[in-house]
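# Coordinates in review
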Amino acid sequence: MEELRLGVIGGGNMATAILSGVIKKNVFPKDKITVSDKDTTKLEKIREMGCRTTENNQEVLKQSDIIVIAVKPQVIDAVLDELAGKTKDKCIVSIAAGISKKYIISKLSTDKVIRVMPNTPLLIGMGASALTGRGTIPEYIYEKAVSIFSAAGFVTQIEDEQMNEIIFLNGTSPAFFFRMAGAMVEAAKEQGIDEEKALQLAAKTMEGAANMLLSSGKTPAELTAQVTSPGGTTLAALTAFDEFRFEEMIREAAKRCTGRAYEIGR
Ligand SMILES: NC(=O)C1=CN([C@@H]2O[C@H](COP(=O)(O)OP(=O)(O)OC[C@H]3O[C@@H](n4cnc5c(N)ncnc54)[C@H](OP(=O)(O)O)[C@@H]3O)[C@@H](O)[C@H]2O)C=CC1
Ligand SMILES: O=C(O)[C@@H]1CCC=N1
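Residues numbered from 1 in each chain as written. Chains lettered and ligands numbered in written order. Predicted model: local features only at pLDDT ≥ 70, side-chain atom pairs only at ≥ 80, totals over all residues. Heavy atoms only, no water.

### Details of the overall build of the chain
To be explicit about the condition: Strands are runs of DSSP state E lasting at least two residues, helices are runs of H or I lasting at least four, and both sets are numbered from the N terminus onward. Type-normalised accessible area, obtained with a 1.4 Å probe on protein chains alone, sets the label of each residue: buried when under 20%, exposed when over 50%, and partly exposed for intermediate values. Pairs of residues are marked as contacts when any of their non-hydrogen atoms sit within 4.5 Å. Asp and Glu count as negative and Lys and Arg as positive, but His and the ends of the chain are not part of the count. Charge positions come from single atoms, namely NZ of Lys, CZ of Arg, CG of Asp or CD of Glu.
When its secondary structure is counted, the chain shows 12 helices and eight strands. On the principal axes, the C-alpha backbone points of the chain span a range of 65 × 35 × 30 Å. Out of the 266 residues in the chain, the part that is buried amounts to 39%. If you take every contact in the chain between residues at least 6 apart in sequence, the share linking residues at least 24 apart comes to 63%. The centroid of the 33 positive side-chain charges in the chain is displaced by 4 Å from the centroid of its 34 negative side-chain charges.

### Comments concerning the pattern of salt bridges
Heads up, the rule is: Take a side-chain nitrogen of Lys or Arg and a carboxyl oxygen of Asp or Glu: if they are within 4 Å of each other, that pair is a salt bridge.
Summed over the entire model, instances satisfying the criterion amount to 15 salt bridges. Residue Glu59 is joined to Lys62 by a salt bridge in which the shortest nitrogen-to-oxygen separation is 3.5 Å. Here Glu59 pairs with Lys62, and both are found in helix α3 (residues 57-63), just three residues apart, close to one helical turn. Look at Glu59 and you get partly exposed, because its relative accessible area is 23%. Judged by relative accessible area, Lys62 falls into the exposed class, the value being 58%. Between Glu195 and Lys189 there is a salt bridge; the shortest N-O distance is 3.5 Å. Residue classification places Glu195 among the partly exposed residues on the basis of a relative accessible area of 44%. For Lys189, a relative accessible area of 35% puts it in the partly exposed group. Sharing partners across several salt bridges, the network here consists of Asp77, Asp81, Lys107 and Arg266.

### A look at the sheet that holds strand β5 (residues 91-94)
Consider a sheet: its strands pair through backbone hydrogen bonds, and that pairing is either parallel or antiparallel. Using the following cut-off: Strand pairing is assigned whenever DSSP identifies at least 2 bridges connecting the two strands. Under this scheme, a helix contributes an axis fitted over its contacting stretch, all axes are lines through C-alpha atoms, and angles between N-to-C directions fall in the 0 to 180 degree range.
Strands sit in the order β3-β2-β1-β4-β5-β6-β7-β8 across an open sheet of eight strands; the sheet is mixed. Looking at which strands have only one partner, the edges of the open sheet turn out to be β3 (52-54) and β8 (153-157). Geometrically, the sheet is characterised by an average inter-axis angle of 20° between neighbouring strands, direction not taken into account. Where strand β6 (residues 113-117) meets strand β7 (residues 127-131), two bridges bridge the pair, whose relative direction is antiparallel. Each bridged residue has a counterpart across the sheet, and for Val116 the counterpart in β7 is Leu131. Here helix α2 (residues 40-48) sits on the sheet and contacts β2 (33-36) and β3; the angle it forms with β3, its principal contact strand, is near 165°.

### Re the site of ligand 1
This is how the line gets drawn: Note on definitions. A residue lies near a molecule or strand when any single heavy atom of the residue is within 4 Å of it. Two N or O atoms count as a polar contact when they lie within 3.5 Å, although within protein this holds only if one can serve as hydrogen donor and the other as acceptor, and sequence-adjacent residues are included solely when both atoms are side-chain atoms. Surface exposure here means Shrake-Rupley accessible area, sampled with a 1.4 Å probe, where a residue is shielded only by the protein chains that are shown. Residue classes follow a fixed rule: Ala, Val, Leu, Ile, Met, Phe, Trp, Tyr, Cys and Pro count as nonpolar, while Asp, Glu, Lys and Arg count as charged, and any other residue, Gly among them, counts as polar.
Around ligand 1 lies a shell of 22 residues, among which Asn13, Met14, Asp37, Lys42 and Val71 are the nearest. Between ligand 1 and Asp37, the relevant distance is 2.6 Å, taken from an oxygen atom to a side-chain nitrogen or oxygen of the residue. Contact between ligand 1 and Ala97: an oxygen atom at 3.0 Å from a main-chain N or O atom of the residue. In the complex, the protein chains occlude 80% of the 890 Å² of accessible area that ligand 1 would expose alone. Within the shell around ligand 1, the residues separate by chemical class into 12 nonpolar, six polar and four charged.

Encoded structure:
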């Protein structure tokens, strides 16, 4: 069987994050990876990673079996129009927020489409990606497409109908955690703590807390209770979470995230 080849259209943040895992784990040999972008400075960086580059999306189509579309949703139509009618026997993987699998299928006249919501931690091999199912895609091709994302972290399968609703959980949420860490560091600085030490302690605590969520078998509420001594400091801190309606803020952020996906989506 011929070795499968990978193409990526759009060589920005996510393409770089995805390719770093693919290259590190040798999911595709570098000479079997072709990346296109309109921006030659982006392509220079991709070339430094060892991939083939081109400014021509048609060339990616020609040189690849699995093609990841990694452009912004606002410009995806131009790319889909370029590919339309030429994707027979190709597997198309889209990571564009809000753009449904149904829409891509209707534009390309192929049903060999996978929609994925990845996240930037893929860049360090700790990503979390949600993917739609195999459909009519041959199993070995689907598995290869999944390994593009599993090479750099956790993957899970969901229905296309849930892809907009999932964005806030993994695609957008790194920003929630970065904002939280940033706010904690600012508060620590105000209390006279060294910025670098504050960031290390906050980030390591996030890492530890995340690992406890994954391995302890306890719910977020149970783990919160373990930290919260009666009449203690955590209880005092969490009164601010209640007063400033932390859960309501997260619920509203999730709603706005999903709402925006439907606004920019099709
Ligand atoms: N950033 C994130 O955390 C996540 C992003 N996504 C999704 O990933 C996709 C890419 O996002 P991101 O990597 O952040 O975006 P970037 O802007 O960093 O990368 C997209 C790249 O595509 C280029 N481009 C634009 N039009 C074309 C075209 N017609 N042909 C080839 N290349 C083109 C852009 O060039 P130029 O800048 O010159 O326009 C840019 O270099 C989006 O659809 C987003 O919804 C999904 C999950 C997480
Ligand atoms: O902000 C965005 O639209 C993209 C999708 C998920 C994360 N970043």
